[in-house]
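Structure assessment
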Amino acid sequence: MESEKREGMDHQQQLMRAEAYEYDLPQTRIAQNPVVPRDSSQLLVLDRRTGERFHRQFFEISEFLETGDTLVVNTSRVIPARLYGRKVPTGARIQILLIQPRNDCLANQWEAMVRPGKKAPPGTTLELGNGTIVTITERLESGKRLVAFDSAEQVREVLQTLGEVPFPPYIGETDADPAQYQTIYADEDGSIAAPTAGLHFTPELMATLREKGVGIAPVTLHVGPGTFQPVRAQDVREHHMHTERFSIPEKTAKEINETKGRGKRVIAVGTTAVRVLETMGREDGTVAAGNGQTDIFIYPGYEFTVIDGLITNFHLPRSTLLMLVAAFGGYEAVMASYREAVRQQYRFFSFGDAMLIL
């Protein structure tokens, strides 16, 4: 008995090592374009209790959902956050990735990633393509900068006229339209990356699910760069997540709590929805409405309070997203599913295929 306990502790310690979340992925499996229609992507279904796996297409997901279940979707919309400018007076080319406003009262000041950062210390003045002048005013943690515009209105105008939707760096040459990097239900600007599990849904599939009696409940989490940064620490517990803004409407909290009360399942569409729900979850499995910022980091050993299922894409090695999925689906079952997905020629990452874990 003592040796079994010790083996269990040793195994849990192994799961705290970032290298445990590495896997072999050929470059050819990284999706460069979305499939058309969206719901024709492949779907790997994992039963986390038995480890059994099924291979389907995404439009067949209703086969695994029941009347009375509720899907929780992240309605954040990707903003055209990538800008290019020239340093004054040298003319050096600088890239700016706006992340989020400093706060609602100072929406003309934005936290940003600036490349190359060495050429843009505090006090640097940049001229954007339409002649707009912005100033880098502070150096922030994790290499970020604070960028000052004249007004919030100027920010909106610059994003509309000059901004580019920032596809992830592993998407090189793509024919995708920026609209294909938005979920069909996106309605609140704020993310710099899409909540990609939702990219598989079409209006027709949503209608099918509603007809079956599956609820659709919105939350918002504005996705920042911290969600996608690899864990560089050898011990995952030493990794710190950046904060991201979220909200749960009263109506959504009520629907989730009624679903739990009926003994039905709450299924998160994407890891971002998971993080919102678990941030606001109570011990009895219900959630509170509200808004704020979260830096919750979920990895194996975490005890989930709210979600009963998860729809998710296939994530990068050593990523916090993969660790969250492994925490919910079980480390061995999830990593075995990833290896099988590679063998079965699934497509990985943002424009790739999906998993359903129940």
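Nothing here was measured: the structure is a model prediction, and the numbers come from that model. (Residues numbered from 1 in each chain as written. Predicted model: local features only at pLDDT ≥ 70, side-chain atom pairs only at ≥ 80, totals over all residues. Heavy atoms only, no water.)

**Overview of the sheet that holds strand β17 (residues 354-357)**
- Reading across the sheet, the nine strands line up as β2-β1-β17-β16-β14-β3-β12-β13-β15 and stay open at both edges, with mixed pairing between neighbours. Among the strands making up the open sheet, the edge pair consists of β2 (53-57) and β15 (290-294). If you compare each strand with its neighbour and ignore which way they point, the axes differ by 25° on average.
- Pairing geometry for strand β1 (residues 42-46) and β2, over five bridges, is antiparallel. What sits directly across from L44, in β2, is H55. (Pairing = 2+ DSSP bridges. Helix = DSSP H or I, 4+ residues; strand = E, 2+ residues; numbered from the N terminus. Axes fitted to C-alpha atoms, helices over the stretch in contact; angles between N-to-C directions.)

**Focus on the pairing of β1**
- Burial runs high along β1: four of the five residues are buried.
- Sheet analysis places β1 next to β17, joined by four bridges and oriented parallel. Within β17, the residue paired with L46 across the bridge is I357. (Buried < 20%, exposed > 50% of the residue type's maximum accessible area, 1.4 Å probe, protein only.)

**Quick notes on the packing of helix α5 (residues 271-279) against helix α6 (residues 320-329)**
- Contact geometry of α5 with α6 gives a least axis separation of 10 Å together with a crossing angle of 65°. Considering their axes alone, α5 and α6 lie roughly perpendicular with respect to each other. The interaxial crossing formed by α5 with α6 has left-handed handedness. Across the interface between the two elements, T271, V274 and R275 from α5 touch L321, L324 and V325 from α6.
- Its residues assigned to classes, the contact of α5 with α6 shows four nonpolar, one polar and one charged. (Parallel < 35°, antiparallel > 145°, perpendicular 65-115°, else oblique. Left-handed = near helix turned anticlockwise from the far one by under 90°. Contact = heavy atoms within 4.5 Å. Nonpolar A, V, L, I, M, F, W, Y, C, P; charged D, E, K, R; others polar.)

**A short note on the pattern of salt bridges**
- In the structure shown here, the tally under the stated rule is 16 salt bridges.
- Its salt-bridge partner being E138, residue R102 comes within 3.7 Å of it at the nearest N-O pair. Here R102 is found in the loop between β6 (93-101) and β7 (109-115), whereas its partner E138 is found in strand β9 (residues 133-139), with 36 residues between them in sequence.
- Looking at E138, the relative accessible area reads 34%, which means it is partly exposed.
- When the shortest N-O distance is used, the salt bridge between R156 and E153 registers 3.3 Å. One end of the pair is R156 and the other is E153, both in helix α2 (residues 152-162) and three residues apart, which spans about a single turn.
- A single salt-bridge network, built from bridges that share partners, covers E66, D69, K264 and R265. (Salt bridge = Lys/Arg side-chain N within 4 Å of Asp/Glu carboxyl O.)

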